[in-house]
Amino acid sequence: MAAILKTPAGKAAALGLIAGMRTFYAPAVLTHLYSRHPEERLAKSPLEFMQSITASKVFKVLAAGELIGDKLPNTPNRTAIPGLLGRALSGILCGAVVYKAEGNSPLVGGVIGGIASIASTFGCFFLRRGIGKSTKIPDPFIGAIEDALVIGAGIALVRTADFNI
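Calculation notes
Residues numbered from 1 in each chain as written. Predicted model: local features only at pLDDT ≥ 70, side-chain atom pairs only at ≥ 80, totals over all residues. Heavy atoms only, no water. pLDDT = per-residue confidence, 0-100. Helix = DSSP H or I, 4+ residues; strand = E, 2+ residues; numbered from the N terminus. Patch = residues over 30% accessible without salt bridge, like charges linked within 9 Å, V, L, I, M, F, W, Y side chains within 5 Å. Areas by Shrake-Rupley, 256 points an atom, 1.4 Å probe, with all protein chains shown as cover. Salt bridge = Lys/Arg side-chain N within 4 Å of Asp/Glu carboxyl O. Axes fitted to C-alpha atoms, helices over the stretch in contact; angles between N-to-C directions. Parallel < 35°, antiparallel > 145°, perpendicular 65-115°, else oblique. Left-handed = near helix turned anticlockwise from the far one by under 90°. Contact = heavy atoms within 4.5 Å. Nonpolar A, V, L, I, M, F, W, Y, C, P; charged D, E, K, R; others polar.

Residue-level account of the confidence of the model for the protein chain, with values.
When pLDDT drops low, the exact placement of atoms in the prediction is not to be read closely. The predicted model of the protein chain averages 93 in pLDDT, with 98% of residues at 70 or higher. Model confidence for the protein chain, summarised as mean pLDDT per element, is weakest for helix α6 (residues 139-160) at 90 and strongest for helix α4 (residues 81-101) at 97.

Here it is in structure tokens:
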């Protein structure tokens, strides 16, 4: 499994899976890495902003807000069009950045990240709902467990995958 995460496709898919769970956490992880260890291949490209400290800070604030907002009772379903679109765009962005940073086609990386994020969005939605129905655990608690999984996945990805830093 660790070998897969060292490939551009594995990284794009993993970031897409994370984006499907929490929209802003995947770009927060990626901007954190690339703002501290810029990749030459991203320079002078439309994706260069992902290497800025400002982008890193903005995505971290958005990710923190999402962790809180997810627990609120009036938060819309992640499978509703706005949420699904945001998660797909997050996966596309992260996949494109990883592929571009490794000298590959950002279009291919974006497709992989986008597909993984959509699959993860629906998979986690149905899993979370199923767990809630079968255990009667309140949704905010299940959401907190999902948060822990997302954070752990981001840390594991950074430790396992080689991001050319």
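Back to the write-up after that little detour.
Any details on a nonpolar patch on the surface? Residues and values, ideally.
Among the surface-exposed residues, Ile-81, Leu-85, Leu-89 and Ile-92 lie close enough to one another that they form a single nonpolar patch of about 390 Å² accessible area. Tracing the chain through its elements places Leu-85 in helix α4.

Give a description of the packing of helix α2 (residues 25-36) against α4 that names residues and reports values.
Following both chains from N to C, one finds α2 and α4 inclined at 25°, their axes separated by 9 Å at the closest point. One element, α2, and the other, α4, form an angle in the roughly parallel class. You can see that α2 and α4 cross each other, and the crossing is left-handed. The residues of α4 that touch α2, namely those facing Ala-26, Pro-27, Leu-30 and Tyr-34, are Ser-90, Cys-94, Val-97, Val-98 and Ala-101. By residue class, the composition of the contact of α2 with α4 is eight nonpolar, one polar and no charged.

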